[in-house]
Amino acid sequence: MLSLSPSPHKPKPKIQLRSSLFILMISLIIVLLTDSVFYTYSKRMLSSELETKLELIADTIAISIKHSKAGEKYVENLIGQNLRTASLALQYKLDPDIEKVTNEELVLLSKELMVDHITLMKRSGDDIIGYKSTEPKEINMSTKNWSRDWFKAFNQLLDTKETNVKTGQALPNYWSGPMNTSMSDPQYVDKWGYYYDGRTNYILDPYVHDTFFRDYQRETGVDAVINEMIHGYTDHGAEEIAVFNPPIFLGQQEQYKKEGYTWFTDREILFGSYTMKDKRDQDMVQSVLKSKQTQRLLTNIDGRSYLKMFIPLQLDIPVVIGLTADYEKVQNSLNQQQRNLLLLIATTAILAFILVILSFRFINRNREATAESVQEVYVDHIGSLFRSMKEQRHDFNNHVSTIHSLVHLKEFEELSRYTAELIGETTALNDIIQINVPALSAIVQSKVIQAVERKITFQHDVANLKDIPLGAVKATDLVRIISNLVDNAFDAVSLPNKEGDKQVRLVGYADGHSLIFLVINNGAQIPSELLARIFEPGFSTKNPDDLHAGLGLSIVKQLVDKYDGTVRVSSTESETTFTITIEV
């Protein structure tokens, strides 16, 4: 004896970890690629921001140099004018004959006029020498080998001609040379003034050290601006700034040195400092002069990364501004961003993994619930089928006894009639439905049995649905839809006033992506004024005493609407047709 019951040990649906891990791996790869792109983009942005800062510093330095040079030129000319005034005072106090002037007298006058030194110069053959001076090193010092401007200017003064050399400051009977290193005492940078109007036999040369001028430069000049840029309260990004003197820095012009001192005009670095060196710096400066374009260089000095920028600037001669910035700040900022981003990625990945697991558990629970619902429907209808089969087996013994009795009594006409009826019933019951949706197959089979019991001719033509992607949930709902429609059709043809054969037909097929079912019965026509109301909950054309009247068709409508399907009904005197269309 067969029995159907749910399995006591139902296998639990497994969480699809492979799918989860695959999704997470793909997500991780995408995140890492995004992180790499973000890192590269951030590095470029931070480097660009640093370069922009350095370029702004260079612009500030350039403007400062141009303004400072104008100010320094004014101060230098002011000193030159003061030296001319001092020369006029000296001429008034000194004997016009150089031989009658003593060095001691010059010392006293230098203190009185507040100049550092006084030298009296005269011609000696083809040379012009220092003849008397407060500085012993100036006495008998030749000037013939000095630069052309200086020696030329001395000769023009002694010839009482207007000085017209390119450098220095020219005033009536006076010329002041540009500030430079002292020939007699290279530890000083001096400013000289030379005066001769023909009333003496010597050139008056009072001069001062650069103390006042250098103080001015330190307080308000380019070096002051550079110091503020590097050590000020605002972090401009520069660690060192140097303004290169290209001819000297590149070795194109030899430096003039004396007693270990480099001439002021021949200094390698015009402004700033140059201690953070790289062997490629000269190549960078050369490239800037050649291309007139900014050059960049990443270097490592004492184990730290630095960005160097070399920017062209046009003064009296082309110069190059060199700026050195600590690139470690950019790298540290990038590392901090990376740590934050990786922490965010890790947190997001963990949350995503937990969410995926929870999602799969939720999905599996829904599938399990759906599977149990399908199983219940399937078992219920299969149980009904087997109960009918057991009833048939029981009835079979009765039929066999009846046939045996009719044969024994030789009632062959009655036997023929009895067996004809019996064959019709067994043919219908033995027609096992072959539909690849088990639940649907069971419900159709159960309806066949019900039709036989209710003396209804039930025809079914359901095409094989193996190519239609029916999910478990749809199969469950489909069983409810078909069951309600067929039951409604059975009730329609079973009304007391029904005459003739009771016929119900079920047709099911797929049309493209649509699943279509038709349930047709030859019951009484539904009045047209009631067709629009038959799907309302509680409305029925049947006996109002029926416990379930008015529920079946409203359930069908709700289930079809759930899948955005359509349900149509048409009714004539000969037949009524319900058509269900569901997109799959």
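See the structure printed just above.
Since this is a predicted model, take the numbers as computed values, not measurements. (Residues numbered from 1 in each chain as written. Predicted model: local features only at pLDDT ≥ 70, side-chain atom pairs only at ≥ 80, totals over all residues. Heavy atoms only, no water.)

Enquirer: Please set out the overall build of the protein residue by residue, giving values where relevant.
Expert: Helix and strand counts for the protein stand at 13 helices and 20 strands. Surface summary for the protein: the accessible area is close to 33,600 Å², and the carbon and sulfur share equals 54%. (Helix = DSSP H or I, 4+ residues; strand = E, 2+ residues; numbered from the N terminus. Areas by Shrake-Rupley, 256 points an atom, 1.4 Å probe, with all protein chains shown as cover.)

Enquirer: Let's hear about the nonpolar core: which residues, and what values?
Expert: Of all hydrophobic cores here, the largest spans 35 residues; its most connected members are F458, I481, L485, V504, L506, F517 and I580. Mapped by element, the contributors of at least two residues to this core are α10 (438-453), β16 (457-462), α11 (472-493), β17 (503-511), β18 (514-521), α13 (552-562) and β20 (576-583). Element by element, the count of residues in this core is highest for α11, at nine residues. Beyond its immediate sequence surroundings of up to four residues, I580 is in contact with I481, L485, L515, I516, F517, V556, V560, T566 and V567. Grouped together as the second largest cluster of nonpolar side chains are 25 residues, F271, L313, I321 and Y327 included. (Core = buried A, V, L, I, M, F, W, Y, C linked by side-chain atoms within 4.5 Å. Buried < 20%, exposed > 50% of the residue type's maximum accessible area, 1.4 Å probe, protein only. Contact = heavy atoms within 4.5 Å.)

Enquirer: Give me the lowdown on the packing of aromatic side chains, citing residues and values where you can.
Expert: Summed over all chains, the structure comprises 15 aromatic pairs. Geometrically, the ring pair formed by F249 and Y274 is edge-to-face, given 5.6 Å between the ring centres and 80 degrees between the ring planes. Separated by 25 residues along the polypeptide, F249 in helix α6 (residues 246-249) and Y274 in the loop between β12 (269-272) and α7 (281-291) bring together distant segments of the chain. For Y274, a relative accessible area of 15% corresponds to the buried category. Among the aromatic side chains, those forming a connected cluster through ring pairs are W146, W150, F154, W175, W192, Y194 and Y207. We note K122 situated over the ring of Y131; from NZ or CZ to the ring centre the distance is 4.0 Å. The positively charged end of R267 is found above the aromatic ring belonging to F271, 5.9 Å away from the centroid. (Phe/Tyr/Trp six-rings, centres within 6.5 Å; stacked < 30°, edge-to-face > 60°. Lys NZ or Arg CZ within 6 Å of the ring centre and 35° of its normal.)

Enquirer: I'd like to hear about the pattern of salt bridges, residue by residue, with values.
Expert: Going through the model one piece at a time under the given rule, you end up with 14 salt bridges. For the salt bridge of D477 with K562, the shortest nitrogen-to-oxygen distance reads 3.1 Å. Taken as a pair, D477 in helix α11 and K562 in helix α13 lie far apart in primary sequence, 85 residues in all. (Salt bridge = Lys/Arg side-chain N within 4 Å of Asp/Glu carboxyl O.)

Enquirer: An account of the sheet that holds strand β9 (residues 238-244) is needed here, citing residue identities and associated values.
Expert: The five strands are arranged β12-β9-β15-β14-β13 in an open sheet whose pairing can be described as antiparallel. Two strands bound the open sheet, and with one partner strand each, they are β12 and β13 (295-301). Across the sheet, the mean angle separating the axes of adjacent strands is 25 degrees when strand polarity is ignored. (Pairing = 2+ DSSP bridges. Axes fitted to C-alpha atoms, helices over the stretch in contact; angles between N-to-C directions.)

Enquirer: I'd love a proper account of the layout of surface pockets, names of residues and values included.
Expert: Counted as a void, the largest pocket has a volume near 1,500 Å³. Taken together, 46 residues make up the lining of the largest pocket; nearest its centre are P178, M179, N180, F264 and T265. Among the elements of the structure, α1 (17-93), β1 (117-124), α3 (148-158), β5 (180-181), α4 (211-220), α6 and β12 are those that each provide at least two residues to the lining of the largest pocket. The leading source of residues in the lining of the largest pocket is α1, at four residues. Residue composition of the lining of the largest pocket, by class: 20 nonpolar, 15 polar and eleven charged. (1 Å grid on protein atoms, 1.4 Å probe; cavity = no way out; pocket = protein on both sides within 12 Å on 5 of 7 lines; lining within 4 Å. Points joined across faces, edges and corners; volume = space filled by probe spheres on them. Nonpolar A, V, L, I, M, F, W, Y, C, P; charged D, E, K, R; others polar.)

Enquirer: How would you summarise the pairing of strand β19 (residues 566-571) if you had to cite specific residues and measurements?
Expert: In this sheet, β20 lies alongside β19 in antiparallel orientation, the contact comprising six bridges. Its bridge partner lying in β20, S570 is registered against T577. The antiparallel hairpin formed by β19 and β20 contains four residues in its connecting segment.

Enquirer: Please set out the sheet that holds β16 residue by residue, giving values where relevant.
Expert: Taken in spatial order, the five strands make up an open sheet running β16-β17-β18-β20-β19, and their pairing is mixed. Because the sheet does not close on itself, it has two edges, and the strands there are β16 and β19. Averaged over all adjacent pairs, the angle separating strand axes in this sheet is 10 degrees, with direction ignored. Docked against the sheet, α10 engages β16, β17 and β18, running at close to 160 degrees with respect to β16. Relative to β20, α13 is tilted by about 25 degrees, and along the sheet it contacts β19 and β20.

Enquirer: I'd like to hear about a nonpolar patch on the surface, residue by residue, with values.
Expert: Together, F22, I23, I26, I29, I30 and L33 line one region of the surface with nonpolar side chains, adding up to about 590 Å² of accessible area. Looking at the element boundaries, I29 is found in helix α1. A relative accessible area of 44% places I29 in the partly exposed class. (Patch = residues over 30% accessible without salt bridge, like charges linked within 9 Å, V, L, I, M, F, W, Y side chains within 5 Å.)

Enquirer: An account of the pairing of strand β8 (residues 203-209) is requested, with residue identities and associated values reported.
Expert: Summarising burial for β8: seven of the seven residues are buried, a large majority. Residues I203, D205, Y207 and H209 point to one face of β8 and L204, P206 and V208 to the other, with burial holding for every one of them. Both strand β6 (residues 189-192) and β8 contribute to a ladder of three bridges, which runs antiparallel. When the bridges of β8 are listed, D190 appears paired with H209.

Enquirer: How would you explain unusual backbone geometry if you had to name every residue and give the values?
Expert: Note: most residues except glycine have negative phi, and most peptide bonds are trans. Although it is not a glycine, D302 adopts a positive phi angle of roughly 55 degrees. For D302, the position within the fold is in the loop between β13 and β14 (304-314). Look at K455: it is not a glycine, yet its phi comes out positive at around 60 degrees. Structurally, K455 can be placed in the loop between α10 and β16. Of the residues examined, K455 reaches a relative accessible area of 60% and is grouped as exposed.

By themselves, these figures tell us nothing about what the structure is for.
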